[in-house]
Amino acid sequence: MKLIRKMSILVLLLPVLVLQLGCKKFLDRKPLGQAIDGDVNQGGVESQVFGLYASLQNWGMTQLPFLTMHGARADDDVNSTVPDGGDQQDIVDKFLYAKDHWSINSLWTDHMAFIIQASGIIHDVDSLFPNDPASLVNRAEASFLRAYAYFDMVRDYGEVPIIDFKVYQPSDANVPKSTVDQVYALIDSDLDFASQNLPLSWESKYLGRVTKGSANTLHAKAYLYRQNWSQALAKCDEVINSHLYSLYSNYGDLFTENNENSVESIFEIQNFESANGSSASSNYLAQYQGIRGDGQWDLGWGWNLPSIGLVDTAYEPNDPRKNETILYAGQPDGRWGVTLPPFAGFSANTNNWPYWNKKVYTDPARRSATGDRFGTWLNTIILRYADVLLMDAEAANEIGGADNIQRALDDLELVRARARGGDNTVLPPVTTTDQAELRTAIKQERRVEFALEFERFYDLVRWTPAPDNIDAPHVLGPLGYQARNRYYPVPQPEVDKSNGVLQQNPDY
Amino acid sequence: MTIACMLIACLHVSASGYAQENITLNLKSVELRKAFIAIEKKTDYRFLFDENLIAHKPKIDIQVTERPVIEVLDQLLQNTGITYKVLNNKLVVLKEISDPVNLEDFKDVRVTGRVTSAEAGDGLAGVSVFVKGSTLGTTTDATGNFAITVPDNATLVFSYVGYDSKEVAVAGRTVVNVTLSLSTKVQEQVVVIGYGQANKRDLTGSIVKVPGKEVADKPNTNPLSSLQGKVSGLSVVNSGELGKEPDIRIRGTVSRTQTKPLYIVDGVFNDNIDYLNPADIESIEVLKDPSSLAIFGVRGANGVIVVTSKKGKSGMTVNFNATIGFKQMVDKIKLTDATGFKTLYLEQNPGFDFSPYTANTDWQDEISQNGLFNRDNISISSSTEKNRFYMGVGYQYEEGIIKHETLKKFTLVLNDELKISKALKIGFDINAYKGMNPQTHDFSNAIVATPVVEPFNAAHGLYNQMPIGTAQIGNPLRAVEETQGQFISNTYRAVGSVFFEAAFLKNFTFRTTYYGDLGFTDEQAYTPLVNTFNIANNDTSHEVTKTDVRQASIKNTKYQQDYLLTYKNKFGDHGLTVLGGFSTIFNNYSEVNVKGSQFTTGLALPIPNDKRFWYVDNRVFVDPTSIVVVNPDKDVFQNYLPYQWQQTTVSFLARVLYNYKQKYLLNASFRRDGSSDISTDNQYQNFWAVGAAWEISKEDFMSNQKIFDFLKVKASAGVLGNQYTSIHYPFYPILAAPTSAVFGPNGGQPIPGYTPSFIADPNLQWESITSYEVGVEFATLNNRLNGDANYYNKLTKNLLTSYPGVGGTKPGITNAGEISNTGFELTLSWNDKIGKDFAYTLSGNLTTLKNDVKKIYLDAPIYDGPSRTQVGDPIGSFYGYVVEGVYQDSADIANSPPNGTPSPGDLKYKDVNGDKVITDADRIVIGNPTPKFMYGFSIGATYKGFDFGIDFQGVSGNDIFRNWGNGAGYATLNYREARLNRWHGPGTSNFEPRVYDVSLPASTYMIENGSYLRIRNLSLGYNFGTQTISKAHIKSLRLFVSAQNLKTFKHNSGYTPDFGGSATQFGVDNGSYPVPAVYSFGINANF
């Protein structure tokens, strides 16, 4: 009994002890197994930059919204013929833009998030390590990537808010839109900085990081979109004269997993899936565009399809690029030695289109090894040397003069020669020295060279400086395109959340 | 003695002999009563008198110094017409001189005796024994014995919480033994409240007690399922899915994150009670109002359900009960058969070649079965003066209504309470359980698979592929048959506690309890190779080409300690119970979940379909380099939910229960909670409630009325908390690498880039619910009709809101938004007997619910599937277009506001905003998932040995969103039978649109009426008479048959009208699982 009395006294005292030991410590809990700020020595800004590269794979950056919003608006791309294309289909194939649609919305928010992330890094370098050479390279990478995101924004939405400062809380980011010129000015300064500070190339383990060539190529394109031909030409020159890039010998193989980061690659989104499929860091563009079939032919959703127009009328006779761009239902694939399932007619739900995008068609051996049919390992090429050559040709032709015309013809011929694949009976060299004819030839070349690579819509629009010009209204008009459709509406939820700071685009 | 006496005395009466005492008094113009009180205070003398005797006597003056009491009494009573006699325990009995009863007849007598319980026969400790009309008295000791000295003709009143009081005339006896019976009156119930128990009569709040027998013999493995329709204010939505927890809400949906209440099982705080065996439950209390809930602080807002397990009862009883029965699918969904399907499909896709597909398969029939269930329980209960022991062992076996679904549970309850001395008690409590969790499937594929395919292709020994929607819909029967036994999951749980209780200084009790809750789950899962047959291509095809195995081990442990100090005393007319306490909870979760796949090179053998090999360290079949941690689900910020977390709380609590004359009641409670989930800067938050009640029926002016036997009005108000966030560490944004940078040749290597995943709000605090209730309880018509009616009003403020980033900024969690829940509750019950053998009970309850979202972060609606939570509408409202009809022809289209490029046969939406065009702006709230009211009613009757019961339950005024059968959007699937009435030419239908191939936006087309009435339980039992069975040494024996969910009168087309869900999405019919009818037969015997 005595023992029990003593015990009960102890029990009485326990709470006092517990209180003494401190509730504060007892209540202090931090995440287990997960790192928080301060846990990871991120080695300065470099790992923040890696985070920025990682964010390239965010949903609105390079995933489904990117595919549908960038790809299928063109005449050569069909979003999807099955109903799961849903309202996307109307939006991108028929230009029935919605003000509040998840796809347009996340395209905006993920790009803005990416820009905010990049601006944070740039701010950190400027305030902490303004003279550290390695950090300046990282700043240059962030500058390039910010310019890349703004370039997407300015061509998709026109006027957008500029956030070139570090954002600490949501209200910081609530700023009004800047003009298109102001956005381009930021792109120019970012790309100038990037060009000056980025290396020409990286050691092998960093293959895929952006380079001086990436910056100059993107800058050339940004000038081209403003019809600033001389600057575009100068930037292309820089890339060409670096002699770091050339056209990959085989047009078709360029797009396979076996030839990633080829000599032609200038900026390529790097995707990864381990050889046995156990881990991945990737986007799903190949899956969204994969053949929509059954069983082993269930390679994806079958979105962003070659249009009938692309298949029937775009290519010159026997252009080998056609068969490297398009897969035909029921026919041999012409690459891995297998035959595609037949086209079941337009009415059925699967195999409902006779053509598929071959540029995302993966190696069956890789599919088998990973147990993954959806090609998530496949890199996405954003900028490649053929683009540099054709931009160079376009800019030279627009400036004109015999030398420049010749230069344009030479560039064009390089691209066509590679496309011939050694068969000199096809794709005869373009010889016209008439500026207008050459312009048409260059436009034609861009259309087929970059078919299904997200260039077509923007090309058509930028070739249309005035509403009366022919390209976009002529080509896209029958599909429902109007002048206002060159830009998307600003997502209504963002307009609403801004409390009047963010203004809707005109005509919406 | 027949006169009513009023005695002012303390509880302890001295029995010592005469001793002359002197007193000094100085009183001016006081009532006699005051003088008596003064004498009692200063001396051992006590007075016994009739209240009326002194009521109208003139005021007196007295001034004496050190005079004998007797002398003072003489002086006081001079000329008052009152005489007295002093009994030998210094009791002064007063009487009118003119009263003919001779004072000399008064004697005092020492009475001893024992009070026992009529039900269990054991001595009742703490029974109050007092002279009628007074509080003079004593209480029984631990064994039920008492001793008291009273006038020999006094009437003793024995009262004990939860028991009917008894009056016994002493009539000169010296031994009075009494048995008390458990009260059947609602207001006399003892209810378990937070950190203790109390007489319902002394409380100001609304607590509903459900006796254990209500859940014990119901065919539900989760005891909460049996509460459906039983308690006002409590919504229980059951799922037919095997082992699935019901959706429980008390008085509406108050939070954005957590809807279910807190469960407290024998003191331990819990979020689920899957581990309990219904047969071992003594009672379930549902706590609903602020007065009852504030003591639970930050966990009180959703209401609390308190479960008490059975404890040992006096004597020794062995109970055996067994139930066996089966479950049957009811209300099958009506779908098109092969003929109907072909008709519709060909309208949509003319020319489709159906020639290889000649079957007419009913996939629902193919995969379903009548599920068996069986429960066996045995318990031993034993109690002596010193020790109370209870042990229960149970086994439950249950099958689902889809083939091969089985669930097994083994449960053990063990508790013991030992009285070491009068002052010291210790005890322990163990609830242990092993659950063999089911591998569940659902009907979602069976209701969309096309009927034209034979399930199995006997010629090829393979299941057939679907010709339509192949990529989306596997063969439903294959999924059930070929994955059989490929998911093995066992849960083990032991919840236990040890307590020490010490009584000291007469009025104090100190109790310490330590709780442990140890939960473990082991899982193994296997993905087989899947081959199916494609009829069109005459081809076997791999749906899955790689085998893998997954192993998971989950550990959830919780430790709780409570230190409670109770002070209980009575001062004259004032009753007071004060509780102070300190409590901590430590909750720890960790999980390992890994997956390994077969080799892809070299050996490259598939992992066999044999559970011997379902281990990731199997190096013959599993490629060691393929072993990865399985990605968990993602949280609101798209981060993977952690596989481990810890959470702690520290709480200080206090409560005062006060009453004056048991007529005016005041309850107040307070809790201060500190939580590890809140920033260290404002870690503690306070919650409180105050309640008051008035038992009007105790007032004098009510003594002459015959209408109310009991009448009490009550009101309470307080602030409660809700601590559920959608993530575990809201103050520590984890560094997330949702994707990785990838660099390098040959496919590259990923390099994760870490960024904080959200913005932490330093000022975050818990949701607080300001709540009040007013109500009335009554008993009338000779206690046959009992009622309880309440109005409740709850306003949740500072809703914990996870918000998306603005303009591309990071998301975060903040406090924003308000939700209001109001309603009215009514419970009525009628008990009566007709003749000697027939007794019956009618009872019913009704609750109205009104939910209104007052504010939301940035006024931005919360989208959750088809549900939308927005300001001004009920939470989780359905949102969409209003269907006006179907476009009959192109003229109809031309005459209607433009809406894209519709075809005749498409749904015609209403131009709600009148802008002459159909746009997103024409969408409005088209349905409310919260019922306007819910109700339940029961009829029970006993006649001789027979007992009969029937329970009804229903809801009214809610809507269901039909999220199936609307055309899947991505593929054409089987059709609802109603689609046969589709539009297929002008005038054919103005509601069902043409067969289509697109996903329709949400509209009233998908809204169905959610009201229903269900025959929830029907039971018939027979109790054998004791004579019949006593020869077999059986104390009691009952046989019964019952039917659950016998019939549901509903309006919707789905399997069932009940659909639970989250806070912001519920009432959505995804067509997944029916709620079956259950028929059972059982036996219950006591030895």
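It should be noted that the structure appears before, not after, this text.
Overview of the structure. Counting starts from 1 at the beginning of each chain's written sequence and moves along it residue by residue. To label them, take the chains in the order written and letter them from A, then take the ligands in the order written and number them from 1. Only residues with pLDDT of at least 70 get local features here, since the model is predicted, and only at 80 or more are side-chain atom pairs given and counted; chain-wide, interface and lining totals rely on the full set of residues. To get the side-chain values, all heavy atoms of the structure are used, and hydrogens and water are removed first.

### Some words on the overall build of chain A
Okay, so step 1: Helices and strands together make up the secondary structure of chain A, namely 21 helices and ten strands.
Okay, so step 2: Viewed in the frame of its principal axes, chain A has a C-alpha envelope of about 110 × 55 × 50 Å.
Okay, so step 3: A 1.4 Å probe rolled over the protein chains alone gives each residue an accessible area, and that area as a share of the maximum for its type sets the label: buried under 20%, exposed over 50%, partly exposed in between. Burial statistics for chain A: of 508 residues in total, 60% are counted as buried.
Okay, so step 4: Contacts: residue pairs with any heavy atoms within 4.5 Å of one another. Long-range contacts, defined as pairs at least 24 residues apart, comprise 69% of the intrachain contacts of chain A with a sequence gap of at least 6. In this description a helix means any DSSP run of H or I spanning at least four residues, a strand means any run of E spanning at least two, and both kinds are numbered starting from the N terminus.

### What to know about the interface of chain B and chain A
Okay, so step 1: In this assembly, 85 residues from chain B lie in contact with 76 residues from chain A.
Okay, so step 2: In total, chain B and chain A occlude about 6500 Å² of area from one another, counting both sides; carbon and sulfur atoms represent 63% of this.
Okay, so step 3: Here a salt bridge means any side-chain nitrogen of Lys or Arg lying within 4 Å of a carboxyl oxygen belonging to Asp or Glu. At the junction of chain B and chain A, the tally comes to zero salt bridges.
Okay, so step 4: In the analysis that follows, any N or O atom pair within 3.5 Å is treated as a polar contact, provided that within protein one partner can donate a hydrogen and the other can accept it, and provided that, for residues neighboring in sequence, both atoms belong to side chains. Across the chain B-chain A interface, the total number found is eight residue pairs in polar contact (both at pLDDT 80 or more).
Okay, so step 5: Looking at the side of chain B that touches chain A element by element, the count peaks at seven residues for strand β37 (residues 644–660) of chain B.
Okay, so step 6: Throughout this entry, Asp, Glu, Lys and Arg are counted as charged residues, while Ala, Val, Leu, Ile, Met, Phe, Trp, Tyr, Cys and Pro are counted as nonpolar. The remaining residues, Gly among them, count as polar. When the residues that make up the side of chain B that touches chain A are grouped by side-chain class, the tally is 43 nonpolar, 37 polar and five charged. When two components associate, each loses some accessible surface as probed by a 1.4 Å sphere; the sum of these losses over both components is called the buried area.

### Observations regarding the packing of helix α16 (residues 385–399) of chain A against helix α18 (residues 435–449) of chain A
Residues and elements named next belong to chain A.
Okay, so step 1: Note on definitions: angles span 0 to 180 degrees between N-to-C directions of axes, and those axes are lines fitted to C-alpha atoms, for helices only across the stretch in contact. One can describe the packing of α16 onto α18 by two numbers: an axis separation of 10 Å at closest approach and a directional angle of 165 degrees. Classified by the angle between their axes, α16 and α18 sit roughly antiparallel to one another. In terms of crossing hand, the pair formed by α16 and α18 is left-handed. Each of A386, D387, L390, M391, A393, E394, N397 and E398 in α16 lies in contact with α18, whose residues at this interface are Q435, L438, R439, I442, E445, R446 and E449.
Okay, so step 2: Considered class by class, the residues forming the contact of α16 with α18 number six nonpolar, two polar and seven charged. Geometric relationships in this document are graded by angle, where less than 35 degrees denotes roughly parallel, more than 145 denotes roughly antiparallel, 65 to 115 denotes roughly perpendicular, and other angles denote oblique. Helix crossings are classified by the rotation of the near helix relative to the far one: an anticlockwise turn of less than a right angle makes the crossing left-handed, while a clockwise turn makes it right-handed.

### Describing a nonpolar patch on the surface
Residue and element names in this part refer to chain B.
Okay, so step 1: Patch construction takes residues with relative accessible area above 30% that form no salt bridge. Like charges are linked within 9 Å, and nonpolar side chains (Val, Leu, Ile, Met, Phe, Trp, Tyr) are linked within 5 Å. Computed with a 1.4 Å probe, the accessible areas rest on the Shrake-Rupley method; for each residue, only the protein chains presented here act as cover. A surface patch of nonpolar side chains, about 880 Å² in accessible area, is lined by I324, L842, I939, Y943, F946, F948, L1020, Y1022, V1041 and F1081.
Okay, so step 2: For the nonpolar patch, the secondary-structure elements that each account for two or more residues are β58 (933–943), β59 (946–956) and β62 (1012–1023).
Okay, so step 3: Following the sequence through the fold, F946 ends up in strand β59.

### A look at the sheet that holds strand β54 (residues 877–880) of chain B
Residues and elements named next belong to chain B.
Okay, so step 1: Strands are treated as partners if at least two bridges between them are detected by DSSP. With respect to topology, four strands assemble into an open sheet ordered β52-β53-β54-β57, the strand pairing being antiparallel. Each edge of the open sheet carries a strand with a single partner, namely β52 (862–864) and β57 (924–927). Adjacent strand axes in the sheet meet at a mean angle of 50 degrees when their direction is disregarded.
Okay, so step 2: Both strand β53 (residues 867–869) and β54 contribute to a ladder of two bridges, which runs antiparallel. Looking at β54, one finds that R868 is bridged to S877.

### Side note on unusual backbone geometry
For residues that are not glycine, phi is negative in most cases, and the peptide bond is trans in most cases.
Okay, so step 1: Of note, N261 of chain A is a non-glycine position whose phi angle comes to about 55 degrees, a positive value.
Okay, so step 2: With respect to the secondary-structure elements, N261 of chain A resides in the loop between α11 (229–241) and β4 (265–269).
Okay, so step 3: Residue classification places N261 of chain A among the buried positions, given a relative accessible area of 17%.
Okay, so step 4: In this model, K944 of chain B sits at a positive phi of 50 degrees, which is unusual for a non-glycine residue.
Okay, so step 5: Take K944 of chain B: it is sitting in the loop between β58 and β59.

### Quick look at the pattern of salt bridges
Residue and element names in this part refer to chain A.
Okay, so step 1: The tally for this structure, following the rule as stated, stands at 80 salt bridges over all chains.
Okay, so step 2: D319 is the salt-bridge partner of R321, the closest N and O atoms lying 3.0 Å from each other.
Okay, so step 3: Across the salt bridge formed by K443 and D471, the nearest N and O atoms sit 2.8 Å from each other. You can see K443 sitting in helix α18 and its partner D471 sitting in helix α20 (residues 471–476), a full 28 residues away along the chain.
Okay, so step 4: By relative accessible area, D471 is classed as buried at 8%.
Okay, so step 5: If you follow the salt bridges from partner to partner, you end up with E264, E316, D319, R321, K359, R384, R416, R418, E445, E449 and E453 in one network.

### Considering the side chain of D947 of chain B
All names here are of chain B.
Okay, so step 1: With respect to the helices and strands, the residue D947 is situated in strand β59.
Okay, so step 2: For D947, a relative accessible area of 13% corresponds to the buried category.
Okay, so step 3: Within polar-contact distance, the side chain of D947 engages the side chain of R1038 at 2.7 Å.
Okay, so step 4: If sequence neighbours within four positions are ignored, D947 has contacts with A941, T942, S1019, L1020, G1021, Y1022, N1023 and R1038.

### Considering the environment of V501 of chain A
Okay, so step 1: Along the chain, V501 of chain A falls in the segment after α21 (492–497).
Okay, so step 2: A sequence separation of 340 residues divides V501 of chain A from P161 of chain A, and the C-alpha atoms of the two residues are 9.9 Å apart.

### Topic: α18 of chain A
Residue and element names in this part refer to chain A.
Okay, so step 1: Expected helix span is taken as 1.5 Å per residue step, with the number of steps being one fewer than the number of residues. The end-to-end C-alpha distance of α18, which contains 15 residues, comes to 20 Å, matching closely the 21 Å that a straight helix rising 1.5 Å per residue would cover.
Okay, so step 2: All of the buried residues along α18 are L438, A441, I442, K443, E445, R446, R447, V448 and E449.
Okay, so step 3: Where α18 begins, the side chain of D434 points an oxygen toward the backbone nitrogen of A436, at a separation of 3.1 Å.

### Observations regarding the packing of helix α17 (residues 402–420) of chain A against α18 of chain A
Residue and element names in this part refer to chain A.
Okay, so step 1: Running from N to C, α17 and α18 cross one another at 30 degrees; their axes reach a closest spacing of 11 Å. If you check the angle between α17 and α18, you find them roughly parallel. The interaxial crossing formed by α17 with α18 has left-handed handedness. Residues I405, A408, L409, L412, V415, R416 and R418 of α17 touch α18, and the partners they reach there are Q435, L438, A441, I442, E445 and E449.
Okay, so step 2: Taken together, the residues of the contact of α17 with α18 break down into eight nonpolar, one polar and four charged.

### With respect to the packing of aromatic side chains
Okay, so step 1: Each Phe, Tyr or Trp ring (for Trp, its six-membered ring) is paired with any other whose centre lies within 6.5 Å, and the angle between the two planes then decides the class: stacked below 30 degrees, edge-to-face above 60, tilted in between. A full pass over the atoms with the stated rule returns 64 aromatic pairs over all chains.
Okay, so step 2: Consider the rings of Y1022 of chain B and F1024 of chain B, whose centres lie 5.0 Å apart with planes at 85 degrees: the pair is edge-to-face.
Okay, so step 3: Here Y1022 of chain B falls in the partly exposed class, since its relative accessible area comes to 30%.
Okay, so step 4: Grouped by ring-pair contacts, the aromatic residues F95, Y97, W108, Y157, F457, Y458, Y481, Y488 and Y508 of chain A constitute a single cluster.
Okay, so step 5: A ring is considered to have a charge above it if a Lys NZ or an Arg CZ atom is located within 6 Å of its centre and within 35 degrees of its normal. Between R209 of chain A and the ring centre of Y206 of chain A, over which it is positioned, the NZ or CZ distance is 4.6 Å.
Okay, so step 6: One Lys or Arg, R962 of chain B, reaches over the ring of Y1005 of chain B and ends 5.2 Å from the middle of that ring.

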